[in-house]
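For reference, the chains in residue letters:
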Amino acid sequence: MKSVVLILIVFGVGACMSYRELPVEYDYSFKGRFHKYNTYDFFSVNEFQGDDTLNIRSSIEQHMKFLGYKRKKNKPDLYLNYAIYKDSLKFRGYNQPDINVWSKRRDSDLEYDKLNFDLRNGTLLIQVFDRKMNSSIWQGYATDTYQKVDFYDYQQVRNAVKSILNKYQFFADGFLEEQMKKSDNNN
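Residues numbered from 1 in each chain as written. Predicted model: local features only at pLDDT ≥ 70, side-chain atom pairs only at ≥ 80, totals over all residues. Heavy atoms only, no water.

## Some details on the overall build of the chain
Along its length, the chain carries five helices and eight strands. In sequence order, the secondary structure elements of the chain are arranged as α-β-β-α-β-β-β-α-β-β-β-α-α. Look at the contacts in the chain between residues 6 or more apart in sequence, and 79% of them connect residues 24 or more apart. Accessible surface, the chain as shown: approximately 11600 Å² in total, 53% of it carbon and sulfur. (Helix = DSSP H or I, 4+ residues; strand = E, 2+ residues; numbered from the N terminus. Contact = heavy atoms within 4.5 Å. Areas by Shrake-Rupley, 256 points an atom, 1.4 Å probe, with all protein chains shown as cover.)

Below, the structure is given as structure tokens:
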């Protein structure tokens, strides 16, 4: 019995250690309606990029499902896009208040404070677009400035995607209420 417990402890610690959050940056639109979305799909352009992006798509799908979003092919609330930039990249970002602090006030009159980044090789970018507004509402990115990411290694890709999407912390509209009802019905 002791050996079974020891194996479970070792496995549990190993699982926890396999995920190490990377430092990431993210930007968002002050016009985003983050608490009003519940469906998503991917831009179809990524379907032609090759097998290495399947890990990214799968990891994104897992995270969106965790947040309660449902994938919908016809007129979803959100479109998601992701890209791997293997070369250096000059990129524009923004210095903004933390998205969780901003979302409590919903101040849409703030000015965008532009920042220019010179990103090194190996940048993973994930973008979220509002279909009705026809514009980007959120983007997060990790780059090898912080840690080299091997985009062919499933665990490293999953780690990078998880690190980026942990900054997008908005549950699907109505998801938490639905989970509470299910919990109440089971009790």
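## A short note on the confidence of the model for the chain
It should be kept in mind that the predicted coordinates are not to be read in detail where pLDDT is low. Looking at the chain as a whole, its pLDDT mean stands at 79, while 80% of the residues score no less than 70. Predicted confidence is poor over residues 1-17, with pLDDT under 50, and the contacts of this stretch with residues over four places away or in other chains come to zero contacts. (pLDDT = per-residue confidence, 0-100.)

## Points about the sheet that holds strand β3 (residues 70-71)
Here we have six strands laid out as an open sheet, ordered β1-β8-β7-β4-β2-β3, and mixed in their pairing. Bordering the open sheet on either side are β1 (25-28) and β3, each of which pairs with just one other strand. Two strands pair when backbone bridges link them, and β1 and strand β8 (residues 135-142) are joined in this way by four bridges, in the antiparallel orientation. Paired with aspartate 27 across the bridge in β8 is glutamine 139. Each of β7 (123-130) and β8 touches helix α4 (residues 154-165); the most contacted strand, β7, lies at about 45 degrees to it. (Pairing = 2+ DSSP bridges. Axes fitted to C-alpha atoms, helices over the stretch in contact; angles between N-to-C directions.)

## A short note on the environment of tyrosine 37
Secondary-structure assignment places tyrosine 37 in the loop between β1 and β2 (39-42). Sequence separation of tyrosine 37 and alanine 172 is 135 residues, and the distance between their C-alpha atoms is 5.7 Å. Within the structure, the side chain of tyrosine 37 is placed 3.0 Å from the backbone nitrogen of arginine 33, a separation counted as a polar contact. (Polar contact = N/O pair within 3.5 Å; in protein donor to acceptor, adjacent residues only side chain to side chain.)

## Quick look at the packing of aromatic side chains
In the structure shown here, the tally under the stated rule is 17 aromatic pairs. Relative to tryptophan 102, the ring of tyrosine 28 lies with its centre 5.2 Å away and its plane at 45 degrees, an arrangement referred to as tilted. Placement of the pair is tyrosine 28 in strand β1 and tryptophan 102 in helix α3 (residues 99-105), with a sequence separation of 74 residues. The residues tyrosine 28 and tryptophan 102 share a single accessibility class, namely buried. (Phe/Tyr/Trp six-rings, centres within 6.5 Å; stacked < 30°, edge-to-face > 60°. Buried < 20%, exposed > 50% of the residue type's maximum accessible area, 1.4 Å probe, protein only.)

## Some points on the side chain of aspartate 77
Inspection of the secondary structure puts aspartate 77 in the loop between β3 and β4 (78-85). Lysine 132 is the oppositely charged side chain nearest to the buried, salt-bridge-free aspartate 77, at an N-O distance of 5.4 Å. Discounting residues that sit within four places of it in the chain, aspartate 77 has contacts with Lys36, Tyr37, Asn38, Thr39, Phe129, Asp130 and Arg131. (Lys, Arg positive; Asp, Glu negative; His and termini not counted. Salt bridge = Lys/Arg side-chain N within 4 Å of Asp/Glu carboxyl O.)

## Some details on the side chain of glutamine 139
Note on placement: glutamine 139 falls in strand β8. A distance of 3.4 Å separates the side chain of glutamine 139 from the side chain of glutamine 127, its partner in a polar contact. Those residues in contact with glutamine 139 that lie beyond four places of it in its chain are Glu25, Tyr26, Asp27, Phe91, Arg92, Leu125, Ile126 and Gln127.

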